[in-house]
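# Structural description and commentary
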Amino acid sequence: MIPPSFDYARPASVDEAVRVLADAGEDAKVLAGGQSLLPLLRLRLAFPELVVDVGRIPELHGVREEGETLVIGALTTHHDVISDPLVRRHAGLLAAATATVADPAVRHRGTLGGALAHADPAGDLPAVVLALDAELVAAGPNGRRTIPAREFFLDYLQSALEPDELLVEVRVPKADGWGFHYEKFHRVAQAWPIVGVAALVRRDNGHIAEARVGLTNMGATPLRAAAAEQALAGAGDADAVARAAESAAEGTRPSQDMSASPEYRAHLARVLTKRAVLTATGMG
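Residues numbered from 1 in each chain as written. Predicted model: local features only at pLDDT ≥ 70, side-chain atom pairs only at ≥ 80, totals over all residues. Heavy atoms only, no water.

Tracing the sequence through the fold places Thr-77 in the loop between strand E5 (69–73) and helix H3 (78–83). Residue classification places Thr-77 among the buried residues on the basis of a relative accessible area of 15%. Excluding residues within four positions of it along the chain, Thr-77 makes contact with Arg-107, His-108, Arg-109, Gly-110 and Thr-111. (Helix = DSSP H or I, 4+ residues; strand = E, 2+ residues; numbered from the N terminus. Buried < 20%, exposed > 50% of the residue type's maximum accessible area, 1.4 Å probe, protein only. Contact = heavy atoms within 4.5 Å.)

Written as structure tokens, this is what we have:
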């Protein structure tokens, strides 16, 4: 299908992009890697009057360290996230989960910032940044502001970004010494996960001292499995992990669609949480 007509801008800097967005208001859409926006345009599910292509702004690419934090440019591609040595060393959960996104063609074009700004609860990476306690930095006419991941995702396909703001970087605390695993269930390799679980676990003296569990596609936004996280504290064997995983779906509101019922999604959340935590801890 042919997309609707629109004007096109390609700013060369963050400041220029913010000015263009501010002038356009809610009639503009940001084009990063294009793996989310272009299908919406082709299917005529989005009707922007202006598409702002930020793909060639140099400062939005790359990974660097700032003390105990990794700073990842919003336009860093999935492929570069997967292969970056800093991400692999200090945020292995992000690298592992990103390696499961779609297929190699999408991973070479799609970007971390684009995936997060799209705010699809069925996307793999929003639940991952929740589990990592990441922060997202937005640039707007009044400067930059930092948004905790737990406050960034507001509703289905809705983020805390204002129409005149641009996501510029993702700040991920280093998780050295934590076990991790991303487990998901999907029909085919390129499909959205029916349910996904991002597990990050810190152990002490053979027991789980702290656990973070992010849930994919279990509500209108990505979620943390708070009840399961509490129940996992102190778990020292596979049986204790299995019991804690039974609470993974508490407080969630999974959707009903052609892929699964809410009850089946809740079942998957419990099963996948058990698998993810057992793998992250090495108990499985």
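Attention shifts here to the environment of Arg-243. With respect to the secondary-structure elements, Arg-243 resides in helix H11 (residues 238–245). A C-alpha to C-alpha distance of 44 Å links Arg-243 and Pro-163, two positions 80 residues apart in sequence.

We now examine the nonpolar core. Grouped together as the largest cluster of nonpolar side chains are 38 residues, with contacts concentrated most on Val-87, Leu-94 and Leu-116. Excluding its chain neighbours within four sequence positions, the residues that come into contact with Leu-116 are Leu-125, Pro-126, Val-129, Leu-136, Phe-152, Phe-153, Leu-167 and Val-170. Counting 29 residues, the second-largest nonpolar core is a separate cluster that includes Ile-208, Ala-235, Leu-272 and Val-277. (Core = buried A, V, L, I, M, F, W, Y, C linked by side-chain atoms within 4.5 Å.)

In this section: the pattern of salt bridges. By the definition in use, this model includes 16 salt bridges. One salt bridge connects Glu-165 with Arg-145, and the closest N-O pair in it is separated by 2.7 Å. In this pair, Glu-165 sits in the loop between strand E9 (158–159) and strand E10 (166–173) while Arg-145 sits in strand E7 (residues 143–148), placing the two residues 20 residues apart along the sequence. The partner of Glu-229 in a salt bridge is Arg-224, with the nearest N and O atoms 2.5 Å apart. Residues joined in a network through salt bridges with shared partners are Asp-133, Arg-202, Glu-210, Arg-212, Arg-224 and Glu-229. (Salt bridge = Lys/Arg side-chain N within 4 Å of Asp/Glu carboxyl O.)

With respect to topology, 4 strands assemble into an open sheet ordered E11-E12-E13-E14, the strand pairing being antiparallel. At either end of the open sheet lies a strand with only one pairing partner, and these are strand E11 (179–185) and strand E14 (223–224). For strand E12 (residues 195–204) and strand E13 (residues 207–216), the ladder comprises 9 bridges, and the chain directions are antiparallel. Residue Gly-196 lies in a different strand from E13, and its bridge partner there is Thr-216. Along the sheet face, helix H12 (residues 262–281) touches E11, E12 and E13 and points at about 35 degrees away from the line of E12. (Pairing = 2+ DSSP bridges. Axes fitted to C-alpha atoms, helices over the stretch in contact; angles between N-to-C directions.)

A word on the packing of aromatic side chains. In this description, an aromatic ring pair is defined by two values, namely the gap between the centres and the angle between the planes. Following the criterion strictly, the structure yields 2 aromatic pairs and no others. Judged by centre distance (5.1 Å) and plane angle (85 degrees), the ring pair of Phe-152 and Phe-153 falls under edge-to-face. A relative accessible area of 8% places Phe-153 in the buried class. With a centroid separation of 6.4 Å and 85 degrees between ring planes, the pair formed by Phe-185 and Tyr-264 is classed as edge-to-face. Pair noted here: Phe-185 is in strand E11 and Tyr-264 is in helix H12, with a separation of 79 residues, a long-range link. Accessibility expressed as a relative area gives 35% for Tyr-264, which makes it partly exposed. A cation over a ring is seen here: Arg-212 above Trp-178, with NZ or CZ 4.6 Å from the ring centre. (Phe/Tyr/Trp six-rings, centres within 6.5 Å; stacked < 30°, edge-to-face > 60°. Lys NZ or Arg CZ within 6 Å of the ring centre and 35° of its normal.)

On to H12. A rise of 1.5 Å per residue sets the reference length of H12, with its 20 residues, at 28 Å; its end C-alpha atoms lie 28 Å apart and thus fit the reference within 8%. Considered for burial, the residues of H12 that qualify are Arg-265, Ala-266, Leu-268, Ala-269, Leu-272, Thr-273, Ala-276, Val-277, Leu-278, Ala-280 and Thr-281. Residues of H12 that are buried sit in contact with E11, E12, E13, helix H10 (226–232) and H11. After H12 finishes, the residue Gly-282 shows a positive phi value of roughly 80 degrees. (Expected span 1.5 Å × (residues − 1).)

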